[in-house]
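# Structure assessment
Each chain, letter by letter, is given below.
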Amino acid sequence: AAMARLLGLERVVTADMGGTSLDVAILDGAEPPVALAPRVAGVRLGIPMIETESIGAGGGSIAKVVDGQVRVGPESAGSAPGPACYDKGGTEPTVTDANLILGFLDADRFLGGAMKLNRKRAEDALARRLARSLQSSPEEAASLVRARINETMAQDIAKRLRARRAEPARFTLFAFGGGGPLHACGIADLVGLRRVVGFPFGAVFSAFGSSTVNVHHQYRQNLAVSLSADGASQRIGALLDALRRQATLDMQGEGFPPDQVTCELELVIETEQGERRLPWPAEGGIDAGALLARLRQEPQHADAKGFELEAVVLNARAAIPHWLPTSAGAKPHRPRAREARGVRWESAGPPVETPLYQLAELEPGAELNGPAIIEAPDTSYAIGSGWRAKLDGWRNVVMERRTG
């Protein structure tokens, strides 16, 4: 959310692809979505959480053949023993093994050269577990693994956008985690997203996100009182006063005087159409009669028989200083690739000689067309055919679908 505001973007899909999972969230209005009563494994929790969804799709996700088709995940090789190419005892083929065989990763420059990958072990794992069953080469099996993981991730993102009746082309994909930028263009093509942003600190992007959060306390008190009941205003007012006192004490304990604290109020109301969340001024009291009259003015509630105030939610926030990257400005230019490598971009067809760039050597304003790969110590940015990339003033890799 902080980076969306910094870059002036309203609609963002975030995709955090690590070794075991893909975590997805949707920001509409550059604000993080919060679930007041989230469900985890089907269990409803009374703890507010950032609304994300995790699926078993990461670099360590294990590929196998089921009923003649390639399936990837949710099982993962984890960090120990990890993918076969880590040479730490792993024998199962993973997404990372496939990316190495296809040329998206360099065996000698993984983690900036701090870790060498074993290509032969990756080939052996794919040959033994996949290629034999598919009657294909290890390279063809690896292409199917990459295609399957991209489809899995794209389907999850598309499902969430459809649930919001959102148009994918209006959203920007934030790709982070070690594997996010490596698969972002492939995912975006399948979903219909036209812009992707990768970050120079993408491998630790979630940690960065934690550092941008203000101090925030949320208080929810269930009430279940009919707005037409006698004494409803008094009951609601007493509850709200208690929540305010608790918020003031907690924030003072954090070191913030009342004049540095802002409060937001939300009323959770049960209507005949279902639950309704209604923002309400946090100052003063709540007149149940006035609230009831406001609800009855809305056409969908004009004939409703009654309304019940299910809960009162008070959010107390205090702003604290945060570090954000600063823009150095960008001068457009075309960098020259010093080397190239064969990369198998498509399931069918030979490897394509692909120019390679080192992120540390690129200056803001650098522009290049795909197919291309930008390597960094913690990730690689795979810029697909039909895409172009530029390094903006914050050193983000901004990838956009070419229109012509």
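Throughout what follows, the structure given in this document is the object of discussion. Small disclaimer: the values here were computed from a predicted structure and weren't measured.

## Here's the deal with the pairing of strand β17 (residues 352-358)
Bridge count for strand β16 (residues 339-343) against β17 is 5 bridges, and the pairing is antiparallel. Bridging from a neighbouring strand, Arg 341 pairs with Thr 354 of β17. Note that β17 and strand β19 (residues 372-375) share 3 bridges and pair parallel. Note on β19: the bridge partner recorded for Tyr 357 is Ile 374.

## Concerning the packing of aromatic side chains
Ring pairs (aromatic) are described by centroid distance and by the angle formed between their planes. What the rule picks out here adds up to 11 aromatic pairs. Considering the side-chain rings of Tyr 86 and Phe 110, the 5.9 Å spacing of their centres and the 50° angle between planes classify their relative orientation as tilted. Taken together, the residues span a long stretch of sequence, with Tyr 86 in the loop between β9 (69-76) and α2 (95-102) and Phe 110 in the loop between α2 and α3 (119-134) at a distance of 24 residues. Relative to Phe 205, the ring of Phe 201 has its centre 5.8 Å away and its plane inclined at 5°; by these criteria the two rings are stacked. Owing to a relative accessible area of 16%, Phe 201 belongs among the buried residues under this scheme. Phe 205 gets classed as buried once you look at its relative accessible area, which sits at 10%. Linked through ring pairs, Phe 174, Phe 176, Phe 199, Phe 201, Phe 205, Phe 208 and Trp 323 together constitute an aromatic cluster. Over the ring of Phe 104 we find Arg 146, and its NZ or CZ is 3.7 Å from the ring centre.

## Quick look at helix α5 (residues 180-191)
It helps to recall that an α-helix has 3.6 residues per turn; residues three or four apart then point in one direction. Along α5, 9 of the 12 residues are buried, which leaves the element largely enclosed by surrounding structure. All of the buried residues in α5 are Gly 180, Pro 181, Leu 182, His 183, Ala 184, Cys 185, Ile 187, Ala 188 and Val 191. Count one or two residues on from α5 and you reach Gly 192, which has phi positive near 100°.

## A look at the sheet that holds strand β13 (residues 262-271)
Within the open sheet, the 4 strands sit side by side as β12-β15-β13-β14. Their pairing is antiparallel. Of all strands in the sheet, those with a lone pairing partner are β12 (215-226) and β14 (274-280), marking the two edges. Within this sheet the neighbouring strands show an average axis-to-axis angle of 20°, counted without direction. Running at roughly 165° to β12, helix α7 (residues 232-253) makes contact with β12, β13 and β15 (308-318) of the sheet. Relative to β14, helix α8 (residues 288-297) is tilted by about 120°, and along the sheet it contacts β13 and β14.

## Overview of the pairing of β9
For a regular strand, the rule is simple: side chains alternate between the two faces of the sheet. The sheet contact formed by strand β8 (residues 61-66) and β9 spans 5 bridges and is antiparallel. Bridging from a neighbouring strand, Ser 61 pairs with Ser 76 of β9. Between β8 and the antiparallel strand that follows it, β9, lie 2 residues; Asp 67 among them carries a positive phi value of about 55°.

## Section: the nonpolar core
Ranked by internal contacts, the top residues of the largest apolar core, which has 68 residues, are Val 145, Leu 161, Ile 374 and Met 399. Residue contributions to this core peak at 9 residues, all from helix α4 (residues 138-163). Ignoring sequence-local partners within four residues, the contact set of Val 145 consists of Ala 63, Val 70, Val 72, Thr 94, Val 95, Ala 98, Leu 126 and Leu 130. Counting residues in hydrophobic clusters, the runner-up holds 32 residues, among them Val 261, Ala 288, Val 312 and Ala 316.

## Observations regarding the pattern of salt bridges
Scanning the model with the defined rule gives 24 salt bridges in all. One salt bridge in this structure joins Glu 375 and Arg 341, with 3.2 Å as the shortest N-O distance. Of this pair, Glu 375 sits in strand β19 while Arg 341 is found in strand β16, placing the two residues 34 residues apart along the sequence. Of the two residues examined, Glu 375 and Arg 341, each falls in the buried class. Members of the salt-bridge network, linked through shared partners, are Asp 106, Arg 109, Glu 339, Arg 341 and Glu 375.

## Section: α3
The axis of α3 is deflected most strongly, by about 45°, at Ala 127. Here α3 has its buried residues at Ala 122, Ala 125, Leu 126, Leu 130 and Ala 131. Tucked into the core, α3 has its buried residues touching β8, α2 and α4.

Conventions and cut-offs
- Residues numbered from 1 in each chain as written.
- Predicted model: local features only at pLDDT ≥ 70, side-chain atom pairs only at ≥ 80, totals over all residues.
- Heavy atoms only, no water.
- Pairing = 2+ DSSP bridges.
- Helix = DSSP H or I, 4+ residues; strand = E, 2+ residues; numbered from the N terminus.
- Phe/Tyr/Trp six-rings, centres within 6.5 Å; stacked < 30°, edge-to-face > 60°.
- Buried < 20%, exposed > 50% of the residue type's maximum accessible area, 1.4 Å probe, protein only.
- Lys NZ or Arg CZ within 6 Å of the ring centre and 35° of its normal.
- Axes fitted to C-alpha atoms, helices over the stretch in contact; angles between N-to-C directions.
- Contact = heavy atoms within 4.5 Å.
- Core = buried A, V, L, I, M, F, W, Y, C linked by side-chain atoms within 4.5 Å.
- Salt bridge = Lys/Arg side-chain N within 4 Å of Asp/Glu carboxyl O.
- Bend = angle between axes of the 7 residues up to and from the residue.

Everything listed here is a matter of coordinates, which is why it stays silent on function.
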